[in-house]
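# Results of the structural survey
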Amino acid sequence: MRLFCLPYAGGSEVIYYSWKKKLNPSIKLESIELKGRGKRYGETFYETLDEAVEDIFIHIKEKILKDDYAIYGHSMGALLAYELYYKISDLGFRKPKHIFFSGHEAPSVIKKRESTYKLSDYDFLNKVIKLGGTSEELMNNKELFKIYLPIIRSDFLILENYNYKEMSYKIQCDVSILNGKKDDISLDGILSWKKHVEKGFKVYNFEGNHFYMKNNVENIINVINGTLII
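Described below are features of the structure shown in this document. Remember, it's a predicted structure, so these values are computed and weren't measured experimentally.

### Let's talk about unusual backbone geometry
With a phi close to 60°, Ser-75 is a non-glycine residue in the positive phi region. Note on placement: Ser-75 falls in the loop between β3 (69-74) and α2 (76-90). The exposure class assigned to Ser-75 is buried, which follows from its relative accessible area of 12%.

### Topic: helix α6 (residues 217-228)
Think of an α-helix as 3.6 residues a turn; residues three or four steps apart then line up on the same face. The first and last C-alpha atoms of α6 sit 16 Å apart over twelve residues, in line with the 16 Å expected at 1.5 Å per residue. Those residues of α6 not exposed but buried are Val-217, Ile-220, Ile-221, Val-223, Ile-224, Asn-225, Thr-227 and Leu-228. On its buried side, α6 packs onto β1 (2-6), β3, β4 (98-102), β5 (174-180) and β6 (201-206).

### Some points on the sheet that holds β1
Strand order across the open sheet formed by six strands is β2-β1-β3-β4-β5-β6, with parallel pairing between neighbours. The strands lining the two open edges of the sheet, one partner per strand, are β2 (28-31) and β6. Taken over all neighbouring pairs, the strand axes of this sheet differ in orientation by 20° on average, direction set aside. Pairing of β1 with β2, which is carried by four bridges, proceeds in the parallel orientation. Bridge pairing in β2 places Phe-4 opposite Glu-30.

### A short note on the nonpolar core
Counting residues in each nonpolar core, the largest one holds 48 residues, and the members touching the most others are Leu-80, Leu-84, Ile-99, Phe-101 and Ile-171. For Leu-84, the contacting residues outside a window of four places in its chain are Leu-6, Val-53, Ile-56, Phe-57, Ile-60 and Ile-71.

### Things to note about the packing of helix α1 (residues 49-66) against α2
The packing of two helices is summarised by the inter-axis angle and the distance between the axes. Relative orientation of the contacting elements α1 and α2 amounts to 60°, with a least axis distance of 9 Å. As summarised for this structure, α1 and α2 are arranged oblique, according to the angle between their axes. The handedness of the crossing between α1 and α2 is right-handed. Taking contact as the criterion, the partners of Leu-49, Ala-52, Val-53, Glu-54, Ile-56, Phe-57, Ile-60 and Ile-64 in α1 are, on α2, Leu-79, Leu-80, Glu-83, Leu-84, Lys-87 and Ile-88. Of the residues assigned to the contact of α1 with α2, the class counts are eleven nonpolar, no polar and three charged.

### Some thoughts on the pattern of salt bridges
Tallied over the entire structure, the rule returns twelve salt bridges. Linking Arg-2 and Glu-30 is a salt bridge whose minimum nitrogen-to-oxygen distance equals 2.3 Å. With Arg-2 in strand β1 and Glu-30 in strand β2, the pair connects residues that are 28 residues apart, well separated along the chain. The salt bridge involving Lys-63 is made with Glu-30; its shortest N-O contact spans 2.9 Å. With a gap of 33 residues between them, Lys-63 in helix α1 and Glu-30 in strand β2 connect regions that are remote in the sequence. Members of the salt-bridge network, linked through shared partners, are Arg-2, Lys-28, Glu-30, Lys-63 and Asp-67.

### Here's the deal with helix α4 (residues 142-160)
Spanning 19 residues, α4 covers 26 Å between terminal C-alpha atoms, matching the ideal 27 Å at 1.5 Å per step. The largest bend in α4 amounts to roughly 30° and is located at Tyr-148, with the proline Pro-150 lying one to four residues further along. Residues Phe-145, Tyr-148, Leu-149, Ile-151, Ile-152, Arg-153, Ser-154, Asp-155, Phe-156, Ile-158 and Glu-160 constitute the buried set of α4. Looking at the packing, one finds that the buried side of α4 touches α1, α2 and α3 (121-130).

### Concerning the packing of aromatic side chains
Taken as a whole and judged by the stated rule, the model has 14 aromatic pairs. Summarising the aromatic geometry, the rings of Phe-101 and Trp-193 are spaced 4.0 Å apart at their centres and angled 15° between planes, so their arrangement reads as stacked. Taken together, the residues span a long stretch of sequence, with Phe-101 in strand β4 and Trp-193 in the loop between α5 (187-191) and β6 at a distance of 92 residues. Here Phe-101 matches Trp-193 in class, with each residue buried. Taking the centre distance of 5.3 Å and the plane angle of 85° together, the rings of Phe-124 and Phe-156 count as edge-to-face. Taken together, the residues span a long stretch of sequence, with Phe-124 in helix α3 and Phe-156 in helix α4 at a distance of 32 residues.

### So, a nonpolar patch on the surface
A cluster of nonpolar side chains, contributed by Leu-187, Leu-191 and Val-203, occupies part of the molecular surface with about 260 Å² of accessible area. Relative to the helices and strands, Val-203 resides in strand β6.

Reading guide: rules and limits
Residues numbered from 1 in each chain as written. Predicted model: local features only at pLDDT ≥ 70, side-chain atom pairs only at ≥ 80, totals over all residues. Heavy atoms only, no water. Helix = DSSP H or I, 4+ residues; strand = E, 2+ residues; numbered from the N terminus. Buried < 20%, exposed > 50% of the residue type's maximum accessible area, 1.4 Å probe, protein only. Expected span 1.5 Å × (residues − 1). Contact = heavy atoms within 4.5 Å. Pairing = 2+ DSSP bridges. Axes fitted to C-alpha atoms, helices over the stretch in contact; angles between N-to-C directions. Core = buried A, V, L, I, M, F, W, Y, C linked by side-chain atoms within 4.5 Å. Parallel < 35°, antiparallel > 145°, perpendicular 65-115°, else oblique. Left-handed = near helix turned anticlockwise from the far one by under 90°. Nonpolar A, V, L, I, M, F, W, Y, C, P; charged D, E, K, R; others polar. Salt bridge = Lys/Arg side-chain N within 4 Å of Asp/Glu carboxyl O. Bend = angle between axes of the 7 residues up to and from the residue. Phe/Tyr/Trp six-rings, centres within 6.5 Å; stacked < 30°, edge-to-face > 60°. Patch = residues over 30% accessible without salt bridge, like charges linked within 9 Å, V, L, I, M, F, W, Y side chains within 5 Å. Areas by Shrake-Rupley, 256 points an atom, 1.4 Å probe, with all protein chains shown as cover.

Have a look at this one:
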């Protein structure tokens, strides 16, 4: 069983590395690196979320032909996972056994359109810091600031320009929704995922905010292991 893990905005594949030793040995972690960061630094950023999904699909399509797999995505990664499922399904490839949507309301939930990515560097990064996933120390490190800012600004661009389209069929695999109790996502936003799912549906709430993942690795891994190992 492979577990493809998709990052949040500004994140790279390394955010999931600590999971490797904790996952059941039968689960192989496949942390996905997006363009413009980590080992893909220097590659052109995506202009749309669809481009990101196409790129992810290209990188995993040979692997999903061979093995059973699941997908985990947090925040932006959850939205990528949702669109990736339909990309895979529409092309007739093997569907995932399970999807873990983390830190994101259902894509059908209508939100006020924002253009955060257009803010000045200072205002933009301050907004990002308030979400809880970025250290204020980054603001004072000019070298890291220059590297990180274009990455997360690009991610916000594709997120804030994403247009939800209602699908003609529901997700045909079991789904788990994971969320931080102090996140600003509403209960309705979480439960609205059920409208998108045909089969099993479970919700897990953890202590913490939008980035609850950082302090709940053991708990999350227990959910994953308990779900995928039968």
